[in-house]
Amino acid sequence: MRSIYYFFALTFLVLFHGPVNSQSKNYEKQIDSLLSIMTLEEKVGQLNQLPLSWDTGPSSPEGDKLKDIREGLVGSVLNIKGASKTRGIQELAMQSRLKIPLLFGLDVIHGYKTTFPVPLAESTSWDLEAMENSARIAAIEAASAGIHWTFAPMVDIARDPRWGRIMEGAGEDHYLGSLIATARVKGFQGKGLGSLDALMACAKHFAAYGAAVGGRDYNSVDMSERMLREVYLAPFKAAAEAGCATYMNSFNDINGIPASASKFLQRTVLKGEWGFQGFVVSDWGSIGEMIPHGYAANAREAARLAIIAGSDMDMASMCYRKELTGLVKDGVVPVSVVDEAVRRILRMKFTLGLFDDPYRFCNEGLEASTLSKPEFRAAARDMARKSIVLIKNEAETLPLKTGKKIALIGPLGKSETDMLGGWSVWWDDNSDVVSQFEGLERRIGKENLLYAKGCSTRGDDRSGFDEAVNTAKEADLIILTIGEDRDMSGEAQSRSDIGIPGVQEELAEKIFALGKPVVVLLNAGRPLVFNRIAEKADAVLLTWFPGSEAGNAIADVVFGDYNPSAKLTTTFPRTVGQVPIYYNHFNTGRPSPDDGPSRNFRTGYTDLEQTPAYPFGYGLSYTKFDYSDLKISSDKMKEGEKVEYSFTVENSGKYAGEEIVQLYIRDRFASVVRPVKELRDFVKIKLEPGEKKTVIFVIDKEKLSFYNDELDRVTEPGFFDVMIGASSADIRLKAELELK
Ligand code: GLC
């Protein structure tokens, strides 16, 4: 009897979805017919995601993966790339009874082959269009190489630079972070899933992973639901509104529940309140980690807790593969719960058009003609230039003039791989990356550029110091390139000391002692403490990890072909002891004056100024911008009204440049305490020397709203400070607003 049933169902399936255009939005009938003929084992298989990056032999930790794929017991694989390789694995899946295509996932975080600056660097461009384009190019390249799904954007708000993964996000502010999350989701998903150049995006890590205690990766998070909703969920909500196809839950426990088992996050908020129709994947092994969390006694319990909580796909823990079938057969987990998860995954496979053609992303010719296109490299160079922050420029040291002999000194000067930063896609050969040395050499010629490594980023080997000093002596000016290497930030790279590692500062002291002009390039994936360097250098450029076009972009900025415009999206502390420190903090009942150590029973430290080394929104330019002539449409706002703030920005310097103008508000009194400043708008404007532009910001009620103690999104009548400036600490124009 069953075979007849299968026959009709399969016929229906083939007839119904054979010619179906994958752009059609409603696949529920096809999914119903497929579910009706799937065995329980095949259903559970769809919820099983396996890594194929390394050992795929039968003795691998996850068993004989290729056999499981052939038997239709795997729904997705991660960490293989290339049209040819993915085709080969998809062919195995097509040997299964129902031929359900695999999803291929990969961490395409800031570029696939053309690598862009690390995400935190990109965020300092405040250029939403450029960030969307960066994600768009990553998607075009990755999709041409057989990838369906990127585990990006990482949208975790982070206020603690000890946490290595601050590198992967968009900084400390949820207003900016939400806009960047939206831009990156749109970039990855492009014209829509099903397009041959679109990737499924994945908002991660859900949720509040960036608030891990002590900045220690994978560690606990505990906060009020109000703070969670106000700050940490905001970018995830924005991603949902942008149509993000998938979410990845996080390793951390949050308010006592491991995120992978959080019904509140996955069912109440994401699938309930936000109406999310895609699917949730766990983070690597996080379902099994409920056991060390002390939340599940064993893999069976972990599988039950996760599936009930709405964690649809199990990345690499094997808990679903080993336990879920039994849980359903034992009546512990209703098959309907499994069906709902399978439905969500099948829905995305139909949407991608994989049932029409499982190999539609496996076109080797397209791959070869797509990767590293000149226009992609040009976009990466442009993004990198826009991501370099001018921290200091004493006596207009920069931009440099050519014709001088320059010594490039430091461990990152000739490195190619380090320029890619953490979470770049792995390639055996990175010779296409433009190193800092190459970029400078192209600009000033071999004869004008000397180089010495001096030391490593790690360890205490000082044997290269003498050569570095002697090389520097031969030059008119030194470019000292120091900081972290690419592996010092990213996952599992939390550091208790966020200073310049190794003996690089000792090297710097010897270079400074020569009394020549020194420009420092600060390579980092996080805010660093570098007070002594900043004090002695004539100029400092925060270059982060700029990607494939690193050397060219750095040369563009150093020699003034591009006037740096980037502004910090994370606060840089004076010492690690200040952490966590962020601009949108509460005032407290005993605020300290910003000008020095705390005293007279006020908050802060008695041994340190209260202000950070460099605040949120900080970044210098080769030119100067003046703000003037503020006009407001009203100092009162009634229900449904808006207020306009019009003012003039003038480039009063001698270089053309871009200014990121920022709008902050402060709600002076409310039913819950409010931050001393909240970013509520910004605009990036380009001005020629002497040029003026009128800028207009508009404030409406939404911009004054917050979550109250009852967790309602509200605005409350009262008085607000409205502040316009060049950074959170450089307010140029002020006004008062009364909300009636
Ligand atoms: C890692 C990371 C996550 C990544 C996943 C797949 O552990 O936490 O961000 O997407 O595993 O590589």
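Details of the structure are given in the entry above.
As a starting point, this report considers the structure included with it.

Conventions used here
Residues numbered from 1 in each chain as written. Predicted model: local features only at pLDDT ≥ 70, side-chain atom pairs only at ≥ 80, totals over all residues. Heavy atoms only, no water. Helix = DSSP H or I, 4+ residues; strand = E, 2+ residues; numbered from the N terminus. Rg over C-alpha atoms; globule rule 2.2 N^0.38 Å. Buried < 20%, exposed > 50% of the residue type's maximum accessible area, 1.4 Å probe, protein only. Areas by Shrake-Rupley, 256 points an atom, 1.4 Å probe, with all protein chains shown as cover. Contact = heavy atoms within 4.5 Å. Polar contact = N/O pair within 3.5 Å; in protein donor to acceptor, adjacent residues only side chain to side chain. Core = buried A, V, L, I, M, F, W, Y, C linked by side-chain atoms within 4.5 Å. Pairing = 2+ DSSP bridges. Axes fitted to C-alpha atoms, helices over the stretch in contact; angles between N-to-C directions. Phe/Tyr/Trp six-rings, centres within 6.5 Å; stacked < 30°, edge-to-face > 60°. Lys NZ or Arg CZ within 6 Å of the ring centre and 35° of its normal. Near = heavy atom within 4 Å. Expected span 1.5 Å × (residues − 1). Right-handed = clockwise from strand over helix to strand, strands pointing away.

What follows covers the overall build of the chain. The secondary structure content of the chain amounts to 23 helices and 26 strands. At 27 Å, the chain has a C-alpha radius of gyration in line with the 27 Å of a compact globule built from 740 residues. Projected onto its principal axes, the C-alpha coordinates of the chain cover approximately 90 × 65 × 45 Å. Going through the 740 residues of the chain one by one, you find that 62% of them count as buried. A total accessible area of about 26700 Å² is found for the chain, and carbon and sulfur atoms account for 51% of it.

Time to look at the environment of E678. Tracing the sequence through the fold places E678 in strand β21 (residues 678-687). With 434 residues separating them in the primary sequence, E678 and C244 have C-alpha atoms 26 Å apart. Dropping the residues within four chain positions of it, E678 is found in contact with Y583, L663, Y664 and I665. Of the polar contacts made by the side chain of E678, one reaches the side chain of R680; its length is 2.9 Å.

Moving on to the nonpolar core. Among the nonpolar cores identified, the biggest contains 97 residues, and L34, L47, Y112, W149, M200, F206 and Y247 are the most heavily contacted of them. Of all the elements, helix α15 (residues 335-351) adds the most residues to this core, at 8 residues. Formed by 47 residues, the second largest nonpolar core is a distinct cluster that contains A121, I391, I409 and F530.

All right, on to the sheet that holds strand β14 (residues 477-483) then. Taken in spatial order, the 6 strands of this open sheet run β11-β16-β15-β14-β12-β13, and their pairing is mixed. For this open sheet the edge positions go to β11 (389-393) and β13 (449-452), each flanked by a neighbour on one side alone. Averaged over all pairs of adjacent strands, the angle between their axes in this sheet comes to 20°, without regard to strand direction. Bridge count between β14 and strand β15 (residues 518-523): 6 bridges; the pairing is parallel. Within β15, the residue paired with I478 across the bridge is V518.

It is worth spelling out the sheet that holds strand β17 (residues 625-632) at this point. What the 3 strands build is an open sheet, ordered β17-β19-β22; its pairing is antiparallel. Looking at the sheet topology across the chains shown, the edges are occupied by β17 and β22 (692-699). The average angle at which neighbouring strand axes cross in this sheet is 25°, direction not considered. Where strand β19 (residues 643-651) lies against β22, 8 bridges are found, and the strand directions are antiparallel. In the sheet register, V649 faces β22, and the bridge partner there is K693.

On to the packing of aromatic side chains. In the structure shown here, the tally under the stated rule is 25 aromatic pairs. Each ring, one from W544 and one from F572, has its centre 6.2 Å from the other, and the planes form 75°; the classification is edge-to-face. Here the residue W544 occupies a position in the loop between β16 (539-542) and α23 (550-558), and F572 occupies one in the loop between α23 and β17, the gap between them amounting to 28 residues. Like F572, W544 is buried. Taken together, a centroid distance of 5.6 Å and an interplanar angle of 70° make the contact between Y583 and Y664 edge-to-face. In this pair, Y583 sits in the loop between α23 and β17 while Y664 sits in strand β20 (residues 657-667), placing the two residues 81 residues apart along the sequence. What links up through ring pairs into an aromatic cluster is the set W126, Y583, F616, Y664 and F682. The ring of W427 carries the charged tip of K81 above its face, separated from the ring centre by 4.4 Å. Geometry around W423 places K204 over its ring, the cationic atom sitting 5.3 Å from the centre.

Our focus in this paragraph is the site of the ligand. Residues in close proximity to the ligand total 13 residues, the closest being D107, R165, K204, H205 and D283. Here an oxygen atom of the ligand sits 2.7 Å away from a polar atom, N or O, in the side chain of R165. Residue H205 places a side-chain N or O atom 2.6 Å away from an oxygen atom belonging to the ligand. In isolation the ligand exposes 310 Å². Once the protein is present, 95% of that is buried.

All right, on to helix α17 (residues 374-386) then. Compared with the 18 Å implied by 1.5 Å per residue over 13 residues, the 18 Å span of α17 between its first and last C-alpha is a close match. All of the buried residues in α17 are F376, R377, A379, A380, M383, A384, R385 and K386. The inward-facing, buried residues of α17 contact α6 (119-123), α7 (128-144), α16 (364-370), α23 and β21.

The element β15 is extensively covered by neighbouring structure, given that 6 of its 6 residues are classed as buried. Neither face of β15 is open: one carries V518, V520 and L522, the other V519, L521 and N523, and all of them are buried. In terms of handedness, the path from β14 via helix α21 (residues 504-512) over to β15 forms a crossover that is right-handed. Note that the unit made of β15, helix α22 (residues 531-536) and β16 has a crossover that is right-handed.

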